[in-house]
Amino acid sequence: MMIQQDSRYWNNSYLNFSTLSKAIEYDTFGNRMFNPLALYAPPMEQTDAMQIGTIVDEHFTESIDFYETYTAVSRRSGDDPTQLTNTMYSAINTVIKSVNSIPDLITYLNSTNAQETLEDKTLQIKGKLDFYDPIKNHIIDMKVPGSIDNFLRDLYTFKDRTINIYARYVRQTAWYSHLVEVNYGKYPTAELLAIAHNGTAIRISIPENARRLAFAMLTEDINLIRTNKDMTYQITNTSASADDDWIDEEFSFD
């Protein structure tokens, strides 16, 4: 199968997680859902929620100051990308203030590598990390969900409330962790920093064993997307499961 090229960062022939996850997803029971036709769909238009997350990400990782770049209007004209509805502007402002209020967080984030691009030349995959601390060997992936409750519902299994290795954000963190190990020689610790539109913030450490199990599935996905020629929707089962007894190391900004 010919994978569409991605010129957003570094080698445009390398596979990124976003491209893979468009075609391959998992339900909560671990069923792999493969829809290669998704690779040929036109680019998805950003929803308001997606744009809020993108702008927050720009503000903290790309030095694009939100307050200097965007304005709030009652109704957008449609031809000015810097115009935001009052609701969107308020949500972004709330998220930024929430992050800034967390003790020592901004100072710590400013000391990390933001938007670092890494590649694995063997698997021919790539990824861009929100924040990576090469000294502590730690990944922070920032998310801006509309609701913390919905975010947690996806992140944990319903039955025993352990990290769900089939969840998109867990698989994405596993992807980044593999790239760090390949490029820096040691498997990192990792966490998700989620800030909802109402300002509720939560930090969740993603255990190493969950990420390694998730990446085992990802290696199958990588092979599937590159070798499958059947343009039909198919479902297969995976036997991977999380280890309930694993306890992550404590991490702090100190």
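In case you missed it, the structure is sitting above this.
Let me begin by describing the structure that accompanies this report. Keep in mind that this is a model prediction, so the values were computed, not measured.

A closer look at the nonpolar core
Inference 1: Counting 41 residues, the largest nonpolar core has Leu20, Ile24 and Trp175 as the members making the most contacts within it.
Inference 2: Among the elements of the structure, α1 (17-23), β1 (24-26), β6 (125-133), α6 (148-155), α7 (168-184), β8 (189-195) and α8 (208-227) are those that each provide at least two residues to this core.
Inference 3: Broken down by element, the residue count for this core peaks at eight residues, all from α8.
Inference 4: Excluding residues within four positions of it along the chain, Ile24 makes contact with Arg32, Met33, Phe34, Arg171, Asp221, Leu224 and Ile225.
Inference 5: Counting residues in hydrophobic clusters, the runner-up holds 23 residues, among them Leu84, Leu105, Leu109 and Val144.

A closer look at α6
Inference 1: If you check which residues of α6 are buried, you get Ile148, Phe151, Leu152 and Leu155. Projected onto a plane normal to the axis of α6, the buried residues spread over an arc of 95° and lie on a single side. The exposed residues of α6 that point more than 90 degrees off its buried face are Asp149, Arg153 and Asp154.

Focus: unusual backbone geometry
Inference 1: Even without glycine at this site, Asp104 takes up a positive phi of about 70°.
Inference 2: The topology assignment puts Asp104 in the loop between α4 (86-101) and α5 (105-110).
Inference 3: In this model, Gln124 sits at a positive phi of 60°, which is unusual for a non-glycine residue.

A closer look at the pairing of strand β2 (residues 31-34)
Inference 1: Taking every second residue as pointing to the same face, both faces of β2 are buried, with Asn31 and Met33 on one and Arg32 and Phe34 on the other.
Inference 2: Two strands pair when backbone bridges link them, and β1 and β2 are joined in this way by three bridges, in the antiparallel orientation. If you follow Ile24 over to β2, its bridge partner there is Phe34.

So, the sheet that holds strand β5 (residues 113-120)
Two modes of strand pairing occur in sheets, parallel and antiparallel, and in both the strands are linked by backbone hydrogen bonds.
Inference 1: Spatially, five strands are ordered β5-β6-β7-β8-β9 in an open sheet, and the strand pairing comes out mixed. Each of the sheet's edge strands pairs with one partner strand only, and the pair in question is β5 and β9 (201-205). The average undirected angle you get between the axes of adjacent strands in this sheet is 40°.
Inference 2: Running at roughly 60° to β6, helix α2 (residues 48-61) makes contact with β5, β6 and β7 (138-143) of the sheet.

What about α8?
Inference 1: Under the 1.5 Å per step criterion, the end-to-end length of α8 is 29 Å for 20 residues, consistent within 8% with the ideal 28 Å.
Inference 2: Taken together, the buried positions of α8 are Asn209, Ala210, Arg211, Ala214, Phe215, Met217, Leu218, Asp221, Ile222, Leu224 and Ile225.
Inference 3: In the core, the buried residues of α8 are packed alongside α1, β1, β2, β6, α7 and β8.

Observations regarding the packing of α2 against α4
Inference 1: Two elements in contact, α2 and α4, have axes whose closest approach is 10 Å; the angle formed by their N-to-C orientations is 40°. In terms of orientation, α2 lies oblique with respect to α4. Our pair here, α2 against α4, has a crossing hand that is right-handed. Contacts from Asp48, Gln51, Ile52, Ile55, Val56, His59 and Phe60 in α2 reach Met88, Ala91, Ile92, Val95, Ile96, Val99 and Asn100 in α4.
Inference 2: For the contact of α2 with α4, the per-class residue count stands at 10 nonpolar, three polar and one charged.

Procedures and definitions
- Each chain carries its own residue numbering, running from 1 in the written order of its sequence.
- Local features in this predicted model are restricted to residues whose pLDDT is 70 or higher, and side-chain atom pairs enter the listing and the counts only when it is 80 or higher, whereas totals over whole chains, interfaces and linings include all residues.
- Where side-chain values are given, they derive from all heavy atoms of the structure, hydrogens and water being excluded.
- The term nonpolar core refers to a set of buried residues drawn from Ala, Val, Leu, Ile, Met, Phe, Trp, Tyr and Cys, joined through side-chain atoms within 4.5 Å.
- Accessibility here uses a 1.4 Å probe with only protein chains present; expressed as a share of the type maximum, an area under 20% marks a residue as buried, one over 50% as exposed, and anything in between as partly exposed.
- Helix and strand assignments come from DSSP, with helices taken as H or I runs of at least 4 residues and strands as E runs of at least 2, each series counted from the N terminus.
- Contacts between residues were defined by any pair of non-hydrogen atoms, one from each residue, lying within 4.5 Å.
- What the arc covers is the set of directions going from the helix axis to the C-beta atoms.
- Being paired, for any two strands, means DSSP has found at least two bridges between them.
- As a rule, the C-alpha atoms of each element are fitted with a line to give its axis, helices using only the stretch in contact, and angles between N-to-C directions run from 0 to 180 degrees.
- The span one expects for a helix is its residue count, reduced by one, times 1.5 Å.
- We call two directions roughly parallel when the angle between them is under 35 degrees, roughly antiparallel when it is over 145, roughly perpendicular when it lies between 65 and 115, and oblique otherwise.
- Here a crossing is called left-handed whenever its near helix is offset anticlockwise from the far helix by less than a right angle, and right-handed whenever the offset is clockwise.
- Classification used: nonpolar for Ala, Val, Leu, Ile, Met, Phe, Trp, Tyr, Cys and Pro, charged for Asp, Glu, Lys and Arg, polar for all others including Gly.

Limitation: the analysis is restricted to geometry and does not speak to function.
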